[in-house]
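# Examination of the molecular architecture
Chain by chain, the residues run as shown.
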Amino acid sequence: MQKIEGLKTVLSSTKKIIITTHSRPDADALGSSLGLMLFLDKLNHDVSVITPTDYPDFLKWMKGEDRVIVYNNENEEKSEKLVNEADLIFCLDFSALSRIDKLGDVVGKANGDKVLIDHHLQPEDFAKYMLHSIEAASTAELVYQFICEIGGNDIIDADIAECLYAGINTDTGSFRHANVTKTVFDVSAALVEKGANTSKVAKLIYDTNSENRLRLLGYALSENLKVLNEYNTAYFALTEKTLKKFNAQMGDTEGLVNYALSIKGIKLAALFKESDDGIKMSFRSVNSFSVNELARTHFNGGGHKNAAGGKSETNLKDTVQKFEALLKDYKVELTKEN
Ligand code: 5GP
Ligand code: MN
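Note that the structure is a prediction, hence the values are computed from the model and not measured.

Counted according to the given criterion, the structure contains twelve aromatic pairs. Taking the centre distance of 6.1 Å and the plane angle of 35° together, the rings of Tyr 165 and Phe 175 count as tilted. Here Phe 175 lies in the loop between helix H6 (158-171) and helix H7 (182-193) and Tyr 165 lies in helix H6, a separation of ten residues in the sequence. On the basis of relative accessibility, which here comes to 23%, the residue Phe 175 falls in the partly exposed class. Each ring, one from Tyr 235 and one from Phe 272, has its centre 5.7 Å from the other, and the planes form 85°; the classification is edge-to-face. On the criterion of sequence distance, the pair formed by Tyr 235 in strand S9 (residues 233-238) and Phe 272 in strand S10 (residues 268-275) is long-range, its members being 37 residues apart. Per residue, the accessibility class of Tyr 235 equals that of Phe 272, and both read buried. A connected cluster of aromatic rings, assembled from ring pairs, spans Tyr 235, Phe 272, Phe 283, Phe 299 and Phe 323.

Time to look at helix H9 (residues 211-224). An ideal rise of 1.5 Å per residue puts 20 Å on 14 residues; H9 measures up with 19 Å between its terminal C-alpha atoms. Buried within H9 we find Arg 213, Leu 216, Leu 217, Ala 220 and Asn 224. Angularly, the buried residues of H9 cover 100° about the axis, an arc narrow enough to put them on a single face. H9 presents Glu 211, Arg 215, Ser 222 and Glu 223 as exposed residues on the side facing more than 90 degrees away from its buried surface. Here the buried face of H9 lies against strand S8 (226-228), S9, helix H10 (240-245) and helix H11 (256-261).

A few words on the site of ligand 1. In the vicinity of ligand 1 there are 14 residues, among which Arg 99, His 120, Lys 280, Ser 282 and Arg 284 approach most closely. Contact between ligand 1 and Lys 280: a nitrogen atom at 2.9 Å from a side-chain N or O atom of the residue. Here an oxygen atom of ligand 1 and a backbone polar atom of Gly 309 are 3.4 Å apart. Only strand S11 (278-285), strand S12 (302-303) and strand S13 (307-312) provide two or more residues apiece to the shell around ligand 1.

Taken as a whole, the protein chain is organised into domain 1 (2-206) and domain 2 (211-335). Here domain 1 and domain 2 have C-alpha centroids that lie 27 Å from each other. Between domain 1 and domain 2, the residue contacts involve ten residues of the former and ten residues of the latter. Summing the contributions of domain 1 and of domain 2, the shared interface buries around 970 Å²; its carbon and sulfur component is 58%. Summed over the three residues of domain 1 that lose the most area to domain 2, namely Arg 24, Phe 58 and Leu 121, the buried surface amounts to 39% of that side. Here domain 1 and domain 2 share zero salt bridges between them. Counting across the domain 1 and domain 2 interface gives five residue pairs in polar contact (both at pLDDT 80 or more).

This part takes up the coordination of the manganese ion (ligand 2). Only Asp 28 (OD), Asp 93 (OD), His 119 (NE2) and Asp 171 (OD) from the protein reach the manganese ion (ligand 2) as donors, at distances of 2.1 to 2.3 Å. Sequence spacing among the residues donating to the manganese ion (ligand 2) works out to D-x64-D-x25-H-x51-D. Here His 119, found in the loop between strand S6 (113-118) and strand S7 (129-132), pairs with Asp 171, found in helix H6; they are 52 residues apart in sequence, far enough to count as distant.

Ranked by internal contacts, the top residues of the largest apolar core, which has 52 residues, are Ile 19, Phe 90, Ile 117 and Phe 146. In terms of residue count, helix H2 (residues 27-42) provides more of this core than any other element does, eight residues in total. With near-sequence residues (within four places) excluded, Ile 117 lies in contact with Ile 4, Phe 90, Cys 91, Leu 92, Asp 93, Leu 131, Thr 139, Leu 142, Val 143 and Phe 146. If you look at the next biggest cluster of nonpolar residues, it comprises 23 residues, including Ile 279, Met 281, Leu 294 and Leu 316.

A few words now on unusual backbone geometry. In the Ramachandran plot, Asp 93 falls in the positive-phi region, its phi being about 65° despite a non-glycine side chain. When you line up the elements, Asp 93 lands in the loop between strand S5 (88-92) and helix H4 (103-109). A residue is classified by how much of its surface remains accessible, and Asp 93, at 1% relative accessible area, is buried. One non-glycine residue, Asp 101, lies in positive phi territory at about 55°. With respect to the helices and strands, the residue Asp 101 is situated in the loop between S5 and H4.

This part is about helix H5 (residues 139-149). Counting buried residues along H5, eight of its eleven residues qualify, which places the element largely inside the surrounding structure. Among all positions of H5, only Thr 139, Ala 140, Glu 141, Leu 142, Val 143, Tyr 144, Phe 146 and Ile 147 are buried. Backbone geometry just downstream of H5 places Gly 151 in the positive-phi region, at approximately 80°.

Rules used in this analysis
- Residues numbered from 1 in each chain as written.
- Chains lettered and ligands numbered in written order.
- Predicted model: local features only at pLDDT ≥ 70, side-chain atom pairs only at ≥ 80, totals over all residues.
- Heavy atoms only, no water.
- Phe/Tyr/Trp six-rings, centres within 6.5 Å; stacked < 30°, edge-to-face > 60°.
- Helix = DSSP H or I, 4+ residues; strand = E, 2+ residues; numbered from the N terminus.
- Buried < 20%, exposed > 50% of the residue type's maximum accessible area, 1.4 Å probe, protein only.
- Expected span 1.5 Å × (residues − 1).
- Arc of directions from axis to C-beta.
- Contact = heavy atoms within 4.5 Å.
- Near = heavy atom within 4 Å.
- Polar contact = N/O pair within 3.5 Å; in protein donor to acceptor, adjacent residues only side chain to side chain.
- Domains from an automatic or database assignment.
- Buried area = accessible area lost by both parts, 1.4 Å probe.
- Salt bridge = Lys/Arg side-chain N within 4 Å of Asp/Glu carboxyl O.
- Donors = N, O, S within 2.8 Å, 3.2 Å for Na, K, Ca; no water.
- Core = buried A, V, L, I, M, F, W, Y, C linked by side-chain atoms within 4.5 Å.

Here is the structure:
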């Protein structure tokens, strides 16, 4: 393992570079990737971003988004060729190759040097260079640090700044989560100085709902939310039929789990979503309760202490039943003072 500063020399001559990030990219995943791509463009590298899956429409305003290659049937061969020919492969906002689905095998076997920039718990050891910190609220914050460490701060422009700011804003829950530090504000201020328009970014990410999305939210809150006061837990479980009824698009349930967590006294919140591929889960918690541990131990997932995800191949009913049954084991933790 080498320190990330070593890349300054590597990047002093033109390189073929791939940037990839986790499946169903969120604003931090895509913003970090595009911010880094635009920066490396300016250093005259040959850069492509490959994502394992598509991402929500509310991220499609980011500069350079039209160049993203989504690894699917149509693009598999092209993507694999690019990964295999790359000198450097940046892996952003994930710490386990399984998080990039089938692309994980391709990246794992590729000859190019891998660079991991990430803030998730339990990083795997597959990268030659690593900038990893679980103290960082977002990967975007670490990409900014990386750019500064290799002396590129001067060439950050408004487009780069807005991509990175989007990641910081969303991964901190609009500066509300426990991961907010002085560094978060320092980096955000520096990005504003570079031209990031914060109200524009907020509008584009949060206030571009479709009518269907709002109606799904309304349904979820009034009909679907289940509150288990005995365990200080609340959750939503959305069937595929319901999601279809509201014509739910990718990203339409993003943030929903936070409504469950916003109830006074609730310490654990979950969202279960049914799809063709099985059940996808989002977990959120407050204070010391670790949803990373819950997701890793019981739901084939992981993430951060207070925000994690998982998946299950059993049906929705059984998955929810398993979750409810598990709460008994966590009761002491969920009901203690802090
Ligand atoms: P979200 O609930 O917003 O999809 O994800 C919350 C956090 O957990 C994010 O940091 C995300 O990267 C991580 N995460 C989501 N799903 C999974 C998963 O299946 N496995 C792992 N290891 N992390 C996940
Ligand atoms: Mn992140």
